[in-house]
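Topology and contacts: notes
So you can see what is in the structure, the chains are spelled out below.
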Amino acid sequence: MRPRHLARVTALQTLFEVDLVGHAPEKVLAYLTEEDDLSEAVVAFARKLVQGVLDHRSALDAIIARVAPNWPVEQLPGVDRNVLRMAIYEMLSDNETPVKVIINEAVELAKTFGSESSRRFVNGVLGTVAAQSADLTAKYFQHETASTTQS
C-alpha cells in the first residue's frame, strides 16, 4: 500500500473511533501505528490529517452542511462523515496534493469502508467542494484558521 494511502486509512480509522466512541486521538493513533508498524512519514501525515480535522471540525461540518443540505452532518454514517472531513481538510489546506488525487483517495476509502452508496455520495460532495473551493475557503476555513492561530 502506498504510504500516503496508508496514512489516510490510519487517519480515517482514528477519526472514526474518536468521533463515534470519544477515545483520545493520540492514544488511538499510537495504537494503530504500533499495531501496523508504520513508518515515521506515514505516522506524521496521518497525525497531520487527524489534528487538522479535529482543529477545524466545526468549519468542515459547516462546509458539508452547505454543499449537502439534505443530509445533516450528525446523521451521516460515521465513515462518510469522516472521509468527507478529512478530504475537505486536505483539499482546502494542502497545496501539495492535487484535488483529483484527494477525491480519488476519498472515494476509495468510502468504497472500502463505507456502504454501497458511500462512494457516490462522497464523490458528489467533494466534486461540489472542489468547484466552490475558493469561496468555501474564504467563507469557512480562513476564519477558522485565523481564530485557531490566535488561540
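Before reading further, recall that the structure is shown in the block above.
This write-up is about the structure you can find in this document. (Residues numbered from 1 in each chain as written. Predicted model: local features only at pLDDT ≥ 70, side-chain atom pairs only at ≥ 80, totals over all residues. Heavy atoms only, no water.)

We now examine helix α5 (residues 78-93). Between its terminal C-alpha atoms α5 stretches 22 Å, which fits the 22 Å expected from 16 residues at 1.5 Å a residue. Extensive coverage of α5 is indicated by the burial of 15 of its 16 residues. (Helix = DSSP H or I, 4+ residues; strand = E, 2+ residues; numbered from the N terminus. Expected span 1.5 Å × (residues − 1). Buried < 20%, exposed > 50% of the residue type's maximum accessible area, 1.4 Å probe, protein only.)

The interhelical angle for the contact between helix α1 (residues 3-21) and helix α3 (residues 40-55), taken along N-to-C directions, is 40°, at an axis separation of 8 Å. As summarised for this structure, α1 and α3 are arranged oblique, according to the angle between their axes. With respect to the hand of their crossing, α1 and α3 are arranged in right-handed fashion. The segment α1 lies against α3, with P3, R4, L6, A7, R8, T10, A11, T14, L15 and V18 engaging V42, F45, A46, L49, V50, V53 and L54. Here the residues of the contact of α1 with α3 sort into 13 nonpolar, two polar and two charged. (Axes fitted to C-alpha atoms, helices over the stretch in contact; angles between N-to-C directions. Parallel < 35°, antiparallel > 145°, perpendicular 65-115°, else oblique. Left-handed = near helix turned anticlockwise from the far one by under 90°. Contact = heavy atoms within 4.5 Å. Nonpolar A, V, L, I, M, F, W, Y, C, P; charged D, E, K, R; others polar.)

The next subject is the nonpolar core. If you look at the biggest cluster of nonpolar residues, it comprises 45 residues, and the most contacted ones within it are L84, M86, I88, V122, L126 and V129. Put simply, the parts of the chain that give this core at least two residues each are α1, α3, α4 (57-67), α5, α6 (99-113), α7 (118-131) and α8 (133-150). Of all the elements, α5 adds the most residues to this core, at nine residues. Once residues lying within four places of it in the same chain are set aside, the contact partners of V129 are I63, V67, I88, M91 and L136. (Core = buried A, V, L, I, M, F, W, Y, C linked by side-chain atoms within 4.5 Å.)

On to the packing of α1 against α5, then. At their nearest, the axes of α1 and α5 sit 9 Å apart, and the two run at 125° to each other. Overall, the two elements α1 and α5 adopt an arrangement that is oblique. In this structure, the crossing between α1 and α5 has a hand that is right-handed. Contact residues: R4, R8, A11, L12, L15, F16, D19 and L20 in α1; G78, V79, R81, N82, V83, R85, M86 and E90 in α5. Looking at the contact of α1 with α5, its residues break down into eight nonpolar, two polar and six charged.

A surface patch of nonpolar side chains, about 260 Å² in accessible area, is lined by F16, L20 and V21. Here V21 shows up in helix α1. (Patch = residues over 30% accessible without salt bridge, like charges linked within 9 Å, V, L, I, M, F, W, Y side chains within 5 Å. Areas by Shrake-Rupley, 256 points an atom, 1.4 Å probe, with all protein chains shown as cover. Salt bridge = Lys/Arg side-chain N within 4 Å of Asp/Glu carboxyl O.)

Right, let's get into the packing of aromatic side chains. The tally for this structure, following the rule as stated, stands at one aromatic pair. Between W71 and F121, the aromatic rings sit 5.7 Å apart at their centres with planes inclined by 65°, giving edge-to-face as the arrangement. Remark: F121 occurs in helix α7 and W71 occurs in the loop between α4 and α5; sequence separation between them is 50 residues. (Phe/Tyr/Trp six-rings, centres within 6.5 Å; stacked < 30°, edge-to-face > 60°.)

The subject of this paragraph is the pattern of salt bridges. Counted by the stated rule, this structure contains ten salt bridges. E105 is the partner of R8 in a salt bridge, and the nearest nitrogen-oxygen pair spans 3.5 Å. Here R8 is found in helix α1, whereas its partner E105 is found in helix α6, with 97 residues between them in sequence. Since its relative accessible area comes to 4%, R8 is described here as buried. Bridged by salt links that share partners, the residues R2, R8, E90 and E105 form one connected network.

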